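Each chain, letter by letter, is given below.
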Amino acid sequence: MEQIQAEKILEIGIQLTVERDYDELLSKIIDCAMELTNCDGGTLYLFEQDRLQFCIMKNRSLGIDQKGTKDEKYPPVAMDEKNICAYTAIHREFLNIEDAYSSSQFDFSGPREYDKLTGYRTKSMLVFPLISHEEKLIGVVQLINAKNAAGEIIPFSTDCEKVLQSLGSQAAVAVSNMRFVQEIEDLMISITQVFTDAIDTRIPYNYYHSRNVYLYVRILLDHIDKQHEAGKTDRYYTPVQRDELLMAALMHDIGKLVIPNDIIDKTTRLGAKLDLVLERFERLSLLYNIDYLRGRLDKDKWIEKKNYFIDARARVEEINRKPRLSEEDIAYIQKMSRMQYTDSNGQKISYLSLDETECLTVVSGNLTRAEREVICSHVEYTEKYLRKMNFGVRYPHIIEWAGAHHEFLDGSGYPRGLKGDEIPFEARILVVVDVFEALTSADRPYKKSMEEKKAFSVLDDMAAEGKIDREVLSLFKEALAGFQGDIKLFFHHEDDNNDRDHS
């Protein structure tokens, strides 16, 4: 008998150790205690906020299997020694009652009232505490009505107490460990929120981008799991895998924290440089006027120069904000870049600097090659920062997935130019969702939002070009089409919407 119980305890210990679902763990504690004692019912209370909260109740005869600490039928147990569970919690003792109705030490009016309502008879009881390895009270288990082989109610054997003491210790440690893991996960989430709040301070729209990517990924994962349940796909995400991908979605752009604002918030080709160019035009016009007044320039030439800078101001302002430049625009800027003013001392002032010329000759969008490289470097910084965070064995892929959210299947992405199977499926999800959110976002200060249909048309073209995963795109379309209710997206309200070439 002792050998059988020892084997059961070992088996139960393994079950409690490997269980990763909190509710299932708590349920197993009651199941194991009832199995070891061959009793009819059991209740588990967890010690939270200095009181015993009802958690689980099971009764085989009545067919009861109730869960939840917020059930209004079962308020918290008052920490009064007349209550058998409270007494056990306070004194951390085992209590073995042969007959609850004949006991005068504790108040059993509650069980008696319950018995009247249900026709049940509560008789033998065994109550024991769950004490962690740190000597902290985790909870209390109350077992009722032990039975013999014939199904007759009998007192709980004193031999059970040693077995249950072992179970209680293992259960308490398992609950403590799971709570500790949850605390770590909560810490990770809070750290993520700190990062996103920091991004919000510098780049409000990008913060909302990350949050919206998170929402879209969550919707997609829900859809994939439903498809798996329906037998339509082999793909499935465990709760831990879901958390890992959702955390990667939230943190995929944290590298933008180090990107200079004058680049990441650049809404035109020149950005803040426009004022310098216009001031230079004004200064040059004045210098030519002085030359005219001092006789170094004739009147016709002065009028020509004055009109040139009036036209140049208008043309540069127009070219600065155009979505796409024509060959004529490029030629105009290039010609202007070769023009210079020479003063009486032979000093030369160029109408445009090399940097300004490069900015104003960007054909599409507004970022120069160097600025695009700075923007692209945010992925490398994301990886750099994430490596400083110890995700351990629980979340081993966050860095890999977040660091590949700009990689394309054809190798044209960045930062590593990964191809095909080199890009994990989860990173492919981030790629599709990231592009979709950037295209449809209504809160970017540098571009107008795109309708969902048009955005999917762009993504269809990218899939046809072999850049993004067709399966992910198809699942994402299905997920949004089948989503019930409104998607609660985040927005940063800005009226300044212009076109730009990065997201």
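Residues numbered from 1 in each chain as written. Predicted model: local features only at pLDDT ≥ 70, side-chain atom pairs only at ≥ 80, totals over all residues. Heavy atoms only, no water.

S.K.: What am I meant to see in the overall build of the protein chain here?
M.R.: Each helix and strand in the protein chain was counted, giving 17 helices and 9 strands. Across the 503 residues that make up the protein chain, the buried fraction comes to 46%. Considering only contacts within the protein chain whose residues lie at least 6 apart along the sequence, 66% involve residues at least 24 apart. (Helix = DSSP H or I, 4+ residues; strand = E, 2+ residues; numbered from the N terminus. Buried < 20%, exposed > 50% of the residue type's maximum accessible area, 1.4 Å probe, protein only. Contact = heavy atoms within 4.5 Å.)

S.K.: Explain the pairing of strand S1 (residues 39-48) to me, please; I cannot follow it from the model alone.
M.R.: Along any regular strand the residues' side chains alternate between the sheet's two faces. Along S1, 8 of the 10 residues are buried, which leaves the element largely enclosed by surrounding structure. The pairing of S1 with strand S6 (residues 137-147) spans 7 bridges and is classified as antiparallel. What sits directly across from Gly 41, in S6, is Ile 144. Pairing between S1 and strand S2 (residues 51-59): 8 bridges, direction antiparallel. (Pairing = 2+ DSSP bridges.)

S.K.: It is not clear to me how empty space enclosed by the protein should be interpreted in this structure. Could you clarify?
M.R.: Any empty space left between atoms is shown by rolling a water-sized probe over those atoms. Under the criterion given, the structure shown has 2 cavities of 30 Å³ or more. The computed volume of the second largest cavity comes to approximately 40 Å³. Lining the second largest cavity are Glu 407, Leu 409, Ile 423, Arg 428, Val 431, Lys 467, Ile 468 and Asp 469. Considered class by class, the residues forming the lining of the second largest cavity number 4 nonpolar, no polar and 4 charged. (1 Å grid on protein atoms, 1.4 Å probe; cavity = no way out; pocket = protein on both sides within 12 Å on 5 of 7 lines; lining within 4 Å. Points joined across faces, edges and corners; volume = space filled by probe spheres on them. Nonpolar A, V, L, I, M, F, W, Y, C, P; charged D, E, K, R; others polar.)

S.K.: For this particular structure, what's the right way to read the environment of Ala 100?
M.R.: By the secondary structure assignment, Ala 100 is in the loop between strand S4 (95-97) and helix H4 (109-118). Its relative accessible area of 1% is what places Ala 100 among the buried residues. Linking Ala 100 and Thr 122, residues 22 residues apart in sequence, is a C-alpha distance of 6.8 Å. Beyond its immediate sequence surroundings of up to four residues, Ala 100 is in contact with Phe 108, Arg 112, Thr 122, Lys 123 and Met 125.

S.K.: Please clarify how the confidence of the model for the protein chain should be interpreted in this entry.
M.R.: Should pLDDT be low for a region, the predicted coordinates there are not to be read in detail. Residue-level pLDDT values for the protein chain average 86, and 87% of them are 70 or greater. Confidence drops under pLDDT 50 across residues 492-503; counting only partners more than four residues distant or on other chains, this segment forms 49 contacts. (pLDDT = per-residue confidence, 0-100.)

S.K.: Can you help me understand the packing of aromatic side chains in this one?
M.R.: Aromatic ring pairs: the centre-centre distance and the angle between the two ring planes describe each pair. Counted by the stated rule, this structure contains 17 aromatic pairs. Their ring planes at 85° and their centres at 5.1 Å tell us that Phe 436 and Phe 476 sit as a pair that is edge-to-face. Residue Phe 436 is located in helix H15 (residues 425-440), and its partner Phe 476 is located in helix H17 (residues 470-482); the two are separated by 40 residues in the primary sequence. Accessibility assignment for this pair places Phe 436 and Phe 476 in one class, buried. Through a chain of ring-to-ring contacts, the aromatic side chains of Phe 281, Tyr 288, Tyr 308, Phe 309, Tyr 341 and Tyr 351 assemble into a single cluster. Over the ring of Tyr 101 we find Arg 121, and its NZ or CZ is 3.8 Å from the ring centre. Lying across the ring of Phe 425, Arg 235 places its NZ or CZ 3.5 Å from the centre. (Phe/Tyr/Trp six-rings, centres within 6.5 Å; stacked < 30°, edge-to-face > 60°. Lys NZ or Arg CZ within 6 Å of the ring centre and 35° of its normal.)

S.K.: Help me understand the packing of helix H16 (residues 452-464) against H17 in this model?
M.R.: A packed helix pair is summarised by two numbers, namely the angle formed by the two axes and the spacing between the axes. The N-to-C vectors of H16 and H17 enclose an angle of 165°; their axes lie 10 Å apart at closest approach. Considering their axes alone, H16 and H17 lie roughly antiparallel with respect to each other. When you trace H16 past H17, the crossing you get is left-handed. Within the contact between the two elements, H16 uses Glu 452, Phe 456, Leu 459, Asp 460, Ala 463 and Ala 464 and H17 uses Arg 470, Leu 473, Phe 476, Lys 477 and Leu 480. Residues belonging to the contact of H16 with H17 are distributed by class as follows: 7 nonpolar, no polar and 4 charged. (Axes fitted to C-alpha atoms, helices over the stretch in contact; angles between N-to-C directions. Parallel < 35°, antiparallel > 145°, perpendicular 65-115°, else oblique. Left-handed = near helix turned anticlockwise from the far one by under 90°.)

S.K.: Where do I start with the nonpolar core in this structure?
M.R.: It is characteristic of soluble globular proteins that their nonpolar side chains tend to be buried jointly. Ranked by size, the top nonpolar core spans 47 residues in total, and within it Val 217, Phe 391, Ile 429, Ile 468 and Phe 476 carry the most contacts. Secondary structure elements with two or more residues in this core: helix H5 (159-202), helix H6 (204-229), helix H7 (239-251), helix H14 (398-402), H15, H16 and H17. The dominant element in this core, judged by the number of residues it contributes, is H15, at 9 residues. Setting aside its immediate chain neighbours within four residues, Val 217 contacts Leu 245, Leu 246, Ala 249, Ile 429, Leu 430 and Val 433. One finds Ile 29, Ile 30, Leu 46 and Ile 56 within the second-largest nonpolar core, a separate group that totals 30 residues. (Core = buried A, V, L, I, M, F, W, Y, C linked by side-chain atoms within 4.5 Å.)

S.K.: Can you walk me through the pattern of salt bridges in this structure?
M.R.: When charged atoms on two side chains of opposite charge get close, those side chains can pair. Inspection of the entire model under this criterion finds 21 salt bridges. A salt bridge links Asp 329 to Lys 322; the nearest nitrogen and oxygen atoms lie 2.7 Å apart. Taking the relative accessible area as the measure of exposure, Lys 322 reaches 23% and is therefore partly exposed. For the salt bridge of Arg 428 with Asp 469, the shortest nitrogen-to-oxygen distance reads 2.7 Å. Here Arg 428 is found in helix H15, whereas its partner Asp 469 is found in the loop between H16 and H17, with 41 residues between them in sequence. Comparing Arg 428 with Asp 469 shows no difference in burial state: the two are buried. Put simply, Asp 222, Asp 225 and Arg 242 are held in one network by salt bridges that share partners. (Salt bridge = Lys/Arg side-chain N within 4 Å of Asp/Glu carboxyl O.)

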